[in-house]
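# A look at the structure
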Amino acid sequence: MERDEALAAWAQQQRALARSLNVSLEVWMDELDAAAVRTTGLTGAVLGAAMANGLGMAVLDRLDGPKLAAEARTLVDPNPPRVASPVLAEAIRRADEIPAGAGARRLKRSAPDRPDRVEAEPLPSANAATPDAPGEEGDP
Amino acid sequence: MSLRDPGRAGQTFQVDDAVRRALAAWGKERDSEIGRLNLARAAQKLTADQRIQLHQRLAEISLGLLFVLQEKSRRSG
C-alpha cells in the first residue's frame with residue numbers, strides 16, 4: 001500500500017511538472033522515453049537519488065532504462081486516450097484535474113448520451129402538408 | 001546498465017549554469033506548489049537551448065527518483 005502511494009505521488013508530481021514546464025503529458029512522456037536511453041544522464045540521476053536515499057552504487061546493475069520509461073508511462077498515463085487529436089487527448093488526460101463540472105465524465109464515456117426514442121401514436125398534424133412533404137390531407 | 005558499460009564513458013554531460021540554478025532551486029522545494037511555480041518562472045527566462053537542457057535533466061532526475069522508489073520497495077519486500 002505504501003509503495004502504491006509513493007508511486008501515485010510520483011505520477012502526480014510528473015503531471016504537475018509537465019504543467020509547470022508548459023508541455024503536454026504526451027510531450028513529457030516522450031521526454032522520459034528519451035531520458036531512458038541517455039545513459040550518462042540517467043546514471044548520474046540514479047546515483048544521486050540512490051545516495052540521497054541511502055542506497056549504494058550496486059543498484060545500477062539493475063537499471064534498465066527502457067523498461068523504467070515504460071513503467072513511468074504506465075504510471076503517468078494508466079488509461080491512454082483512444083483519440084487521434086493531441087489536443088483532445090490532453091484534454092481527456094487532464095479532465096480529472098478540475099473538480100467542478102461533469103467534463104471528465106463526458107470526455108471519458110465510451111458512447112455519447114442520446115435521447116431515448118419514444119414510441120407513441122402519431123400527432124394529428126402528422127399527415128399535414130408541409131413545404132417539404134405533400135402530406136395526405138388532400139388524398140382521396 | 002553498469003558503471004563499466006563501455007558506451008557510457010563516450011557521452012558528454014553538460015549543464016548550463018542557468019539550468020543548474022533552476023534545478024537547484026526546484027530540488028529544494030520539489031514537492032510544493034511554490035517550487036513548481038518557481039520552476040515555471042525560471043523556465044520562462046531560459047533560452048530555447050537551455051530549456052531543452054532543463055527538460056532533459058528533469059526527465060532524467062524523474063526516472064532516477066522512480067527507479068530508487070522501486071528499489072526501496074523491492075528491498076522492503
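Residues numbered from 1 in each chain as written. Chains lettered and ligands numbered in written order. Predicted model: local features only at pLDDT ≥ 70, side-chain atom pairs only at ≥ 80, totals over all residues. Heavy atoms only, no water.

## Structural notes on the overall build of chain B
We apply this condition: Per the convention used, a helix needs a DSSP run of H or I reaching at least four residues, while a strand needs a run of E reaching at least two, with both numbered from the N terminus. Only protein chains enter the accessibility calculation, which uses a 1.4 Å probe. A residue is then buried if its area is under 20% of the maximum for its type, exposed if over 50%, and partly exposed in between. Between two residues, a contact is recorded if the distance between any of their heavy atoms is within 4.5 Å.
Each helix and strand in chain B was counted, giving 3 helices and 0 strands. Ordered by position from the N terminus, the helices and strands of chain B form the series α-α-α. Burial status across chain B gives 42% buried among its 77 residues. A separation threshold of at least 6 residues defines the contact pool for chain B, and within that pool the share at least 24 residues apart is 61%.

## What about the packing of helix α2 (residues 25-37) of chain A against helix α4 (residues 65-76) of chain A?
Residues and elements named next belong to chain A. Let me state the cut-off plainly: Angles run from 0 to 180 degrees between N-to-C directions of axes, and those axes are lines fitted to C-alpha atoms, restricted for helices to the stretch in contact. Here the angle decides the label: under 35 degrees means roughly parallel, over 145 means roughly antiparallel, 65 to 115 means roughly perpendicular, and every other value means oblique. Two helices crossing with the near one rotated counterclockwise from the far one by less than a right angle form a left-handed crossing, whereas a clockwise rotation gives a right-handed crossing. Nonpolar residues are Ala, Val, Leu, Ile, Met, Phe, Trp, Tyr, Cys and Pro. Charged residues are Asp, Glu, Lys and Arg, and all others, Gly as well, are polar.
For the pair α2 and α4, interaxial distance at closest approach is 8 Å and the crossing angle is 160 degrees. Judged by the angle between their axes, α2 and α4 are roughly antiparallel. Handedness of the α2/α4 crossing: right-handed. Contacts between α2 and α4 involve Leu25, Glu26, Met29, Asp30, Leu32, Asp33 and Ala36 from the first element and Gly65, Pro66, Ala69, Ala72, Arg73 and Val76 from the second. In terms of residue class, the contact of α2 with α4 is made up of 8 nonpolar, 1 polar and 4 charged.

## Remarks on the side chain of B:Glu71
By secondary structure assignment, the location of B:Glu71 is in helix α3 (residues 48-76). When residues no more than four places from it in sequence are discounted, the contact partners of B:Glu71 are A:Leu55, A:Val59 and A:Arg62.

## Some points on unusual backbone geometry
All names here are of chain A. The phi dihedral of Asn22 falls on the positive side, at around 65 degrees, and the residue is not glycine. Assignment of secondary structure puts Asn22 in the loop between α1 (2-20) and α2. Overall, Asn22 belongs to the exposed group, its relative accessible area being 70%.

## What about the interface of chain B and chain A?
Put simply, the rule reads: Accessible area, probed at 1.4 Å, shrinks when two parts are joined; the buried area is that loss added up over both. One speaks of a salt bridge when a side-chain nitrogen belonging to Lys or Arg is within 4 Å of a carboxyl oxygen belonging to Asp or Glu. Counting of polar contacts relies on pairs of N or O atoms within 3.5 Å, with two restrictions inside protein: one atom must be capable of donating a hydrogen and the other of accepting it, and residues adjacent in sequence are counted only when both atoms are side-chain atoms.
On the side of chain A, 39 residues touch chain B, which itself brings 36 residues to the contact. Each partner contributes to the roughly 3,600 Å² buried at the junction of chain B and chain A, and carbon and sulfur atoms together form 67% of this total. With its nearest N and O atoms 2.8 Å apart, the salt bridge here joins B:Glu71 to A:Arg62. Inspection of the chain B/chain A interface yields 9 residue pairs in polar contact (both at pLDDT 80 or more). If you list the elements that add at least two residues to the side of chain B that touches chain A, you get α2 (33-44) and α3 of chain B. Sorting elements by how many residues they give to the side of chain B that touches chain A places α3(B) first, with 22 residues. Grouping the constituent residues of the side of chain B that touches chain A by class yields 17 nonpolar, 8 polar and 11 charged.

## Some words on the confidence of the model for chain A
Put simply, the test is: Residue-level confidence of the predictor, termed pLDDT, takes values from 0 up to 100.
Per-residue pLDDT for chain A averages 85, and the proportion of residues at 70 or more is 86%. By mean pLDDT, helix α6 (residues 103-108) of chain A is the weakest element of chain A at 69, and α2(A) is the strongest at 95.

## Here we look at the pattern of salt bridges
Residues and elements named next belong to chain A. Scanning the model with the defined rule gives 12 salt bridges over all chains in all. In this structure, Glu26 engages Arg73 in a salt bridge whose closest nitrogen and oxygen atoms are separated by 3.5 Å. In this pair, Glu26 is assigned in helix α2 and Arg73 in helix α4, connecting sequence segments 47 residues apart. A residue is classified by how much of its surface remains accessible, and Arg73, at 26% relative accessible area, is partly exposed. The partner of Arg93 in a salt bridge is Glu26, with the nearest N and O atoms 2.9 Å apart.

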